[in-house]
Amino acid sequence: MTHAGRIRFTFSKNEILRKKKDIKELFENGSSFFIHPFKVLYLPYPAEKHHKVIFTVSRRTFKRAVDRNLVKRRIRECYRLNKYILQDNRQAKLSFSIAIIYIGKNVPDFAYINGKIIVILKKLSEISQKIS
RNA sequence: GAUGCAGGCCGUCUUAUCGCGUUUCGAUUAUUCGAAAUGAGGAAAGUCCGGACAACGCAGAGCACCGUACUUCCUAACGGGAAGGUCCUGGUAAAUUAUCGGGAACAGCCAGUGCCACAGAAAAUAUACCGCCUGCUGUUUCUUUAUGAACGGGAGGUAAGGGUGAAAUGGUGGGGUAAGAGCCCACCGGUCGGGGAGUGAUUUCCGGCGCAUGGUAAACCUUACGGGUUGAAAGACCAAAUAGGUUCUGCUUUUUUGCUCAGGCAAAAAAAGGGCUGCUCGUCCAAUUUCCACUUGUGGAAGAGUAGAAUGGGUAGGUCGAUGGAUCCGAGUGGCGACACUCGGACAAGAUAAAUGAUAAGAAUCUCACUUCUGGUGGGAUACAGAAUCCGGCUUACAGGUCUGCAUCUUUU
């Protein structure tokens, strides 16, 4: 790949969905689908620089903060490494608010999450194309 | 050397690639890029105590409520810690002492009230079931015909003995007695008074008192001491858009007709500006009121409507609070110690739907299996756990390593 078109695997603060109002809107009005062990909520809005993501792991399934953090960090890492799949479609003039909710019971390993996240992002990409 | 117990300390490391938070610097510019530095714990946990800090409240005293409870000390404070005392208890020596540990909700039940299951005669102003003893009396039998013996009845005296119970009215021994009893005596225990030691809990010595009056205060209660309430979602500040409030300025608040003595009433048209679609047209909504002056249709004031500007409160959001402190490290001095003081040095996370990570390779440690056994090969494991305003404690969790002390066993000298 050329230097200009080089994929950057960054993931900064601005790509996290962090405003309470936006999160509320996403959970009230967003569409959803399941890809085990994840539930995905998404809501399109006019294009901005980034998609906005939030990762959620239930406190009920993982009582200890260490486990919750570990799962969230692994999911975030997978998203960071694979988000180019979704960003290819940015000329569609749409961005998404996305919530990725882990509903499994055990702590999964990296490779397993990675595969699932790729599937999720491909599906979102398709949805994006359909809407535009 | 091994095992056990107690206490202290540590609690994986290295490299590569890709990332994240904060700070500084440099670009670019109005949000990005680059570089450098830095970035979880001994418990960050439980949120059980105590403080700092903040807001609110507050004349003083008492009651109520809550907490604490051997003593002295440490501390900002504590329900924490240190040292000491008393009682209970384990080991060792050994013989009721010494030493090394462990435990105690360790103030007060002759201030008052309550409660004490079952069993037992009796569980609290003591009591007589069995037993023991002494009179009286009935029967039987023997007999020396006085009386004695056995078996009953009833009266009295007995807390020695039995039995019950978690607990039975000081214990052991002796005297004493009809039988018994602190009735008397010795020792032990208790209690009261005094002297000595100690800051004190307490201890020790001497003397008096035979010393009826249980247990329970994680029962009410009494005594002493302490406690204002709410918590960082506290609290302080900045503040977009929209809709209100206030102030200033501009514009509009008009005309005609009819009825009426007048006050006024009715009708028609117009109307600043606004809505419906960005413009035009069209359509709809729209204050149109009151007072004063005179030259009697003009002027002025207030009110109403509307446009613009300024401004106050305040929402989303943001900043501070918020990381330099009862701080950490080292040395010295004082103290048995907890700890205090002095000097020198160091700044060491600051997130906010919440950074401190992921992947790969290797190393280290432990462990299991196999083996050709100074070792090698392969597999597995590397705990408990993630800052959230900050400190001091307590409690709980924890693979493995390491140090110190004590005990036991073994080996060598």
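See the structure above.
Residues numbered from 1 in each chain as written. Chains lettered and ligands numbered in written order. Predicted model: local features only at pLDDT ≥ 70, side-chain atom pairs only at ≥ 80, totals over all residues. Heavy atoms only, no water.

What follows is about the overall build of chain A. Scanning chain A for helices and strands turns up 4 helices and 4 strands. Ordering the α and β elements of chain A from the N terminus gives α-β-β-β-α-α-β-α. Counting across all 132 residues of chain A, residues that qualify as buried make up 37%. Restricting the contact set of chain A to residue pairs at least 6 apart, pairs at least 24 apart contribute 82%. Roughly 8500 Å² of accessible area belongs to chain A as shown, and the carbon and sulfur atoms make up 51% of that amount. (Helix = DSSP H or I, 4+ residues; strand = E, 2+ residues; numbered from the N terminus. Buried < 20%, exposed > 50% of the residue type's maximum accessible area, 1.4 Å probe, protein only. Contact = heavy atoms within 4.5 Å. Areas by Shrake-Rupley, 256 points an atom, 1.4 Å probe, with all protein chains shown as cover.)

Among the secondary structure elements, Tyr45 is positioned in strand S2 (residues 38–46). On the accessibility criterion, Tyr45 (18% relative accessible area) is buried. Residues Tyr45 and Ser95 lie 50 residues apart in sequence; the distance between their C-alpha atoms is 5.4 Å.

Charged atoms that come close allow side chains of opposite charge to pair. Inspection of the entire model under this criterion finds 2 salt bridges. In this structure, Asp67 engages Arg64 in a salt bridge whose closest nitrogen and oxygen atoms are separated by 3.0 Å. Residue Arg80 pairs with Glu77 through a salt bridge whose shortest N-O separation is 2.2 Å. Of this pair, Arg80 and Glu77 both sit in helix H2 (residues 65–82), 3 residues apart, which is roughly one turn of that helix. Exposure remark for Arg80: the relative accessible area of 22% places this residue in the partly exposed category. (Salt bridge = Lys/Arg side-chain N within 4 Å of Asp/Glu carboxyl O.)

Turning our attention to the nonpolar core. The biggest cluster of nonpolar side chains holds 26 residues, and the ones touching the most others in it are Ile75 and Ile117. Elements with a contribution of two residues or more to this core: strand S1 (31–35), S2, strand S3 (52–57), H2, helix H3 (84–87), strand S4 (94–102) and helix H4 (110–131). Considering each element in turn, this core owes the most residues, 6 residues, to H4. Setting aside residues no more than four positions away along its own chain, Ile75 makes contact with Phe38, Phe55, Ile100, Tyr102, Ile113 and Ile117. Listed in part, the 7 residues of the second largest apolar core include Leu17, Leu26, Leu41 and Ile54. (Core = buried A, V, L, I, M, F, W, Y, C linked by side-chain atoms within 4.5 Å.)

This brings us to the packing of aromatic side chains. All chains considered together, the criterion is met by 4 aromatic pairs. Ring plane angle 65° and centroid distance 5.6 Å describe the contact between Phe38 and Tyr102, whose orientation is recorded as edge-to-face. One end of the pair, Phe38, is in strand S2; the other, Tyr102, is in strand S4, and 64 residues separate them in sequence. Each of the two residues, Phe38 as well as Tyr102, counts as buried. Residues Phe55 and Tyr79 carry aromatic rings whose centres are separated by 5.8 Å and whose planes lie at 70° to one another, so their mutual orientation is edge-to-face. Here Phe55, found in strand S3, pairs with Tyr79, found in helix H2; they are 24 residues apart in sequence, far enough to count as distant. (Phe/Tyr/Trp six-rings, centres within 6.5 Å; stacked < 30°, edge-to-face > 60°.)

Another point: the packing of H2 against H4. Close contact between H2 and H4 brings their axes to 9 Å; oriented N to C, the two are set at 50°. In terms of orientation, H2 lies oblique with respect to H4. Like other packed secondary-structure pairs, H2 and H4 cross with a definite hand, here right-handed. On H4, the residues that touch Arg74, Ile75, Glu77, Cys78, Tyr79, Leu81 and Asn82 of H2 are Phe110, Ile113, Asn114, Ile117, Ile118 and Leu121. For the contact of H2 with H4, a count of residues per class yields 9 nonpolar, 2 polar and 2 charged. (Axes fitted to C-alpha atoms, helices over the stretch in contact; angles between N-to-C directions. Parallel < 35°, antiparallel > 145°, perpendicular 65-115°, else oblique. Left-handed = near helix turned anticlockwise from the far one by under 90°. Nonpolar A, V, L, I, M, F, W, Y, C, P; charged D, E, K, R; others polar.)

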